[in-house]
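Listed below are the residues making up each chain.
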Amino acid sequence: MERTYVCIDLKSFYASVECVERGLDPFKTNLVVADPSRGNGAICLAITPYMKSLGVHNRCRIFEIPKGMEYITALPRMKKYIEYSADIYSIYLKYISPEDILVYSIDECFIDLTSYLKLYNLNAKELTKMIIDDVINTTGICATAGIGTNLFLAKVALDITAKHSPDFMGYLDEDLFKEQIWHHQPITDIWNIGRGIANRLAKYGAFDLYDVTQIDEKILYKEFGVNAEFLIDHAHGIEPCTIEEIHNYKSKNHSLFNSQILFEDYNYSDALLVMKEMIEVNVLELVDKCLVTNSISISIGYSKDAIKPTGGSMKLSIYTNSYKLLNEYVLDLFKRTTNREFPIRRIGISFNNVINEEFASLTLFTDLEEEKKENEIQKTILSIKKKYGKNAIVKGMDLQEKATTMKRNKLVGGHNGE
């Protein structure tokens, strides 16, 4: 049975929320969502559709906004955006069951409309319009939509054809895809094709999806490995995966990843302090979720990409969530792999192969009493943080000038959480 999907995007979501909160029309207002305290190089998280119509690029930096253009600057309020997103999701639930909705991001989702068209006695565009009209009437937020016969076509219809449609809705099936999208350039407009993939395709003379279909599949598999399968399918407008399959998917391997871009260049010793904080955060998450790990990874990025990122991975001989052990292993890896001569700007840490703590390993040298005491301390810290806030209890290192944990605890998604 042919399925019908819609991909709904909340137009310039953060900027639209800020306009609604101020009683302004985002289609007539110059407004950017950005944090000027991060300097003129700070990225604008969103700009209004009106500013886009004037030629300002989305996700631009503050200094890229044309000189002399007057605009309102709104400080990011992530909690407010989450509240709006939750309210809009509740509107979707008035019409669609949750198992037929796939939340893709805070401002975008996929919906399987297949079984609802007959129920409402509407075609796909009519049902989509009913839903997004409810969204704008209830919240003031305008939405665009892409409709397709599979998830990929719905997304491409949203990203490419909807923006040129008077009703902000686009539609693609496989035939229309070949007619309208095959020769579309730049190829980076296509979902999941970034500059890296585009550059690798260019080596074979492929600058649009039609060109991709003309490349020998053996060459594509040699260049992209197993990921060539997705590229080949998408070049033909094919995507067999369904929302139901995505909901039912369970990853074989799990990890806890934590990364941050520092607000300024850090020297080696200050970056070491931040790494210590991040270890503490990750270990507390392990304990909170009753998980253990037997593999750690770190990555260090340097200012202005002065040198290639460093880091590495280490397989442990046991599964553990002991702060003492993990702190020792991670710091050893950091000290062995980090270049001390260049300023640091990005830090990442990952605990890999995490499993339930009932599978934690023991050795002849394990001090059970000490581990039990450490675990109880960690759980006490967690209970205090959950009851009184993440900054209710901190370590001395968190109070140092270059520490970041207390600042980050006030953020949501790396931005102002208020």
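Everything numeric in this text was worked out from a predicted model, so none of it was measured. (Residues numbered from 1 in each chain as written. Predicted model: local features only at pLDDT ≥ 70, side-chain atom pairs only at ≥ 80, totals over all residues. Heavy atoms only, no water.)

Undergrad: Is there a simple way to think about the packing of aromatic side chains in this case?
TA: Two numbers describe a pair of aromatic rings. These are the distance of the centres and the angle of the planes. Using the criterion set out here, one finds 10 aromatic pairs in the structure. Aromatic pair Phe110 and Trp191: ring centres 5.8 Å apart, planes at 35°, arrangement tilted. With a gap of 81 residues between them, Phe110 in strand 6 (residues 108-112) and Trp191 in the loop between helix 7 (174-180) and helix 8 (195-202) connect regions that are remote in the sequence. The class for Phe110 is buried, based on a relative accessible area of 1%. The class for Trp191 is buried, based on a relative accessible area of 16%. Members of the aromatic cluster, joined through ring pairs, are Phe13, Tyr14 and Tyr81. (Phe/Tyr/Trp six-rings, centres within 6.5 Å; stacked < 30°, edge-to-face > 60°. Helix = DSSP H or I, 4+ residues; strand = E, 2+ residues; numbered from the N terminus. Buried < 20%, exposed > 50% of the residue type's maximum accessible area, 1.4 Å probe, protein only.)

Undergrad: Could you clarify how one ought to interpret the sheet that holds strand 8 (residues 169-172) in this entry?
TA: The strands making up a sheet are joined through hydrogen bonds of the backbone, oriented either antiparallel or parallel. Here we have five strands laid out as an open sheet, ordered 5-6-1-7-8, and mixed in their pairing. The strands lining the two open edges of the sheet, one partner per strand, are strand 5 (101-105) and strand 8. On average, each strand axis in the sheet is tilted by 15° relative to the strand beside it, whichever way the strands run. Looking at chain direction, strand 5 and strand 6 are connected through four bridges and run antiparallel. Within the sheet, the bridge partner assigned to Leu102 lies in strand 6 and is Phe110. Strands strand 1 (5-10), strand 7 (143-148) and strand 8 of the sheet are contacted by helix 5 (residues 124-139), whose axis makes an angle of about 160° with strand 7. On the sheet, helix 6 (residues 151-161) packs against strand 1, strand 5, strand 6, strand 7 and strand 8 and is oriented at approximately 140° with respect to strand 7. (Pairing = 2+ DSSP bridges. Axes fitted to C-alpha atoms, helices over the stretch in contact; angles between N-to-C directions. Contact = heavy atoms within 4.5 Å.)

Undergrad: Would you explain helix 11 (residues 228-235) in this entry?
TA: Three or more residues of helix 11 are buried, namely Ala228, Leu231, Ile232, His234 and Ala235. In the core, the buried residues of helix 11 are packed alongside helix 6, helix 7, helix 8, helix 9 (209-213) and helix 10 (217-224). Once helix 11 finishes, Gly237 follows within two positions and takes phi at roughly 75°, a positive value.

Undergrad: Looking at this structure, how should I read a negative patch on the surface?
TA: On the surface, Glu2, Glu174, Asp175 and Glu179 cluster together into a patch of negative charge. What makes Glu174 partly exposed here is its relative accessible area of 36%. (Patch = residues over 30% accessible without salt bridge, like charges linked within 9 Å, V, L, I, M, F, W, Y side chains within 5 Å. Areas by Shrake-Rupley, 256 points an atom, 1.4 Å probe, with all protein chains shown as cover. Salt bridge = Lys/Arg side-chain N within 4 Å of Asp/Glu carboxyl O. Lys, Arg positive; Asp, Glu negative; His and termini not counted. Charge placed at Lys NZ, Arg CZ, Asp CG, Glu CD.)

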